[in-house]
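Observations on the three-dimensional arrangement
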Amino acid sequence: MKQKEFGRTGPSVSVIGQGTWYLDRGDRKAAAATLRRGIELGMTHIDTAEMYGDAELVIADAIEGQRDEVFLVSKVLPSNASRRGTVTACERSLKRLNTDRLDCYLLHWRGSYALSETVAAFDDLVRAGKIRSWGVSNFDADDLDELLDVAGEGKIACNQVLYHLKERAIEHAVIPWCEQHGVAVVAYSPFGHNDFPAPRSKPGEVLEKIALSHGATARQVALAFLTRNASVFAIPKAASAEHAADNAAAGTLTLSDSEIDALDKAFPQGPKPRSLPML
C-alpha cells in the first residue's frame, strides 16, 4: 500500500483508506470484520463522523487491540461546532471509539458558528492531547481562505471533499489551494453515489480497457486516477472483506501518463461550478 505525507508536516498515511458512512446499517459484526480486513491490507486510514449513527461503535470493535496501527479521523457537526460544543462532541466520539485521541478531527461543513470558535476548540483539543491534528470537510477555496486567516499557515491538516470520475470540481481551485498550503485532500464517495460509470458506456469502456491492461478492476483504476496527485487520498467504503481487498489493491496501482490522459478525456473536468458540490 502506498503511503503519503498527510499534509505538510503530517505522518505517512495510506493513500487508500476506509469510509464508514452507513456502516452501522446491517450486520455490525460483518462490518467490523471488513474494517479489520482492510487494516490488514494496509488501509489504516479510517474515517468516520458523529453524524454516521453508530459507525463509531463498529469502528471501536474493529480497531480493538490495534489502535496504534490506525490513522483515525472523525468529524464534528456544524450544529455542535461552538468552542465548548466542539470539545464536548470530540469527547463523546472518543468514548464511542474507545480511544484517548483522534489523529485528525474535522468540521463536517460550515455552519452558523464562527470559524474562530471552532478553531479555538481544535487548538484546545490539540493541547489536551485529544486530537493530533485538525481539518475541515466540504470547504471551497474561498472558505479555506477565510479559515487560513483565522488559523494561520501550517494548522489545517486536510480538506475532505466530494471527488469521483464524474465530479472533478475540486480540480479547479480546491486541489491547487491545498497543494499551495500543504493541506491534504481526502476524496469521499470516490465511486460516486450510486453513479459509477457503466462498463458499456463510452467512458466506461475506456476505464475497462485500462483495467484489463493492468489485470485490475475498473474501481481500482478509478481510485488510482483520483489519487494521482501527491496531495490526494481516497476513502472508499467496502461492504465485504472481498470488496475491501479490491479497494486495497488500488494502493499499489500506478497509471501511465497516457492512461491518465485517456481518463481525463473520457471523464472531462467540466466548467468550474458556482458552488462546491457535496453530499
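Structure: see above.
Here the structure is a predicted model, which means the values were calculated and not measured.

**Considering the pairing of strand E4 (residues 71-76)**
Among the six residues in E4, six count as buried, and that is most of the element. Side-chain alternation along E4 places Phe 71, Val 73 and Lys 75 on one buried face and Leu 72, Ser 74 and Val 76 on a second face that is also buried. With helix H2 (residues 55-63) bridging strand E3 (residues 45-47) and the parallel E4, this β-α-β connection has right-handed handedness. Pairing geometry for E4 and strand E5 (residues 104-107), over four bridges, is parallel.

**Thoughts on the packing of aromatic side chains**
In total, this model carries seven aromatic pairs according to the counting rule given. An angle of 25° between the planes, with centres 5.1 Å apart, marks the rings of Phe 122 and Trp 134 as stacked. Of this pair, Phe 122 sits in helix H4 (residues 115-127) while Trp 134 sits in strand E6 (residues 134-137); the two residues are 12 residues apart in sequence, bridging distant segments of the chain. You can call Phe 122 buried: its relative accessible area is 1%. By relative accessible area, which is 2% here, Trp 134 ends up buried. Within the aromatic cluster, the residues linked to one another by ring pairs are Phe 6, Phe 71 and Phe 233. Sitting over the face of the ring of Phe 191, Arg 219 holds its NZ or CZ atom 4.8 Å from the ring centroid. Over the ring of Phe 225 we find Arg 228, and its NZ or CZ is 3.9 Å from the ring centre.

**Comments concerning the nonpolar core**
Core analysis: the largest hydrophobic core is formed by 80 residues, its most contacted members being Tyr 105 and Leu 255. Excluding residues that lie within four positions of it along the chain, Tyr 105 makes contacts with Ser 74, Lys 75, Val 76, Thr 86, Ala 89, Cys 90, Phe 122, Leu 125, Ile 131, Ser 133, Trp 134 and Gly 135. Counting 14 residues, the second-largest nonpolar core is a separate cluster that includes Val 73, Cys 158, Tyr 188 and Ile 235.

**Regarding the packing of helix H7 (residues 202-214) against helix H8 (residues 218-226)**
Two elements in contact, H7 and H8, have axes whose closest approach is 8 Å; the angle formed by their N-to-C orientations is 95°. With respect to each other, H7 and H8 are oriented roughly perpendicular. Two secondary-structure elements touch here, H7 through Leu 207, Glu 208, Ile 210 and Ala 211 and H8 through Ala 218, Val 221 and Ala 222.

**Focus on unusual backbone geometry**
Of note, Asn 98 is a non-glycine position whose phi angle comes to about 55°, a positive value. Relative to the helices and strands, Asn 98 is located in the loop between helix H3 (83-97) and E5.

**Thoughts on helix H9 (residues 241-249)**
Along H9, the positions that sit buried rather than exposed are Ala 244, Asp 246, Asn 247 and Ala 248. Those residues of H9 that are buried lie in contact with helix H1 (28-40) and H8.

**Here we look at the environment of Pro 271**
Along the polypeptide, Pro 271 turns up in the segment after helix H10 (257-266). On the basis of relative accessible area, Pro 271 is assigned to the exposed category, the value being 72%.

**Some remarks on the pairing of strand E7 (residues 156-162)**
Within a regular strand, the side chains alternate between the two sheet faces. For E7, the tally of buried residues reaches seven of seven residues, placing the bulk of the element in the interior. The β-α-β motif built from E6, the intervening helix H5 (residues 141-151) and the parallel element E7 has right-handed crossover chirality. Each parallel crossover has a hand, and for E7 linked through helix H6 (residues 174-180) to strand E8 (residues 184-188) it is right-handed.

**Focus: the environment of Pro 197**
Locating Pro 197 in the fold gives a position in the loop between E8 and H7. A relative accessible area of 9% places Pro 197 in the buried class. Residues Pro 197 and Thr 88, spaced 109 residues apart in sequence, show a C-alpha to C-alpha distance of 41 Å. Setting aside anything within four residues of it in sequence, one finds Pro 197 in contact with Leu 165, Lys 166, Gly 204, Leu 207 and Phe 267.

**Overview of the sheet that holds E3**
The seven strands lie next to each other as E3-E4-E5-E6-E7-E8-E9, forming an open sheet whose pairing is parallel. The strands lining the two open edges of the sheet, one partner per strand, are E3 and strand E9 (232-234). Pairwise comparison of adjacent strand axes, ignoring direction, gives a mean angle of 25° for this sheet. Where E8 meets E9, three bridges bridge the pair, whose relative direction is parallel. Among the inter-strand pairings, Val 185 is bridged to a residue of E9, identified as Val 232. Strands E4 and E5 of the sheet are contacted by H3, whose axis makes an angle of about 135° with E4. In this fold H4 packs onto E4, E5 and E6, with an angle of close to 170° to the strand it touches most, E5.

The rules behind the values
Residues numbered from 1 in each chain as written. Predicted model: local features only at pLDDT ≥ 70, side-chain atom pairs only at ≥ 80, totals over all residues. Heavy atoms only, no water. Buried < 20%, exposed > 50% of the residue type's maximum accessible area, 1.4 Å probe, protein only. Helix = DSSP H or I, 4+ residues; strand = E, 2+ residues; numbered from the N terminus. Right-handed = clockwise from strand over helix to strand, strands pointing away. Pairing = 2+ DSSP bridges. Phe/Tyr/Trp six-rings, centres within 6.5 Å; stacked < 30°, edge-to-face > 60°. Lys NZ or Arg CZ within 6 Å of the ring centre and 35° of its normal. Core = buried A, V, L, I, M, F, W, Y, C linked by side-chain atoms within 4.5 Å. Contact = heavy atoms within 4.5 Å. Axes fitted to C-alpha atoms, helices over the stretch in contact; angles between N-to-C directions. Parallel < 35°, antiparallel > 145°, perpendicular 65-115°, else oblique.

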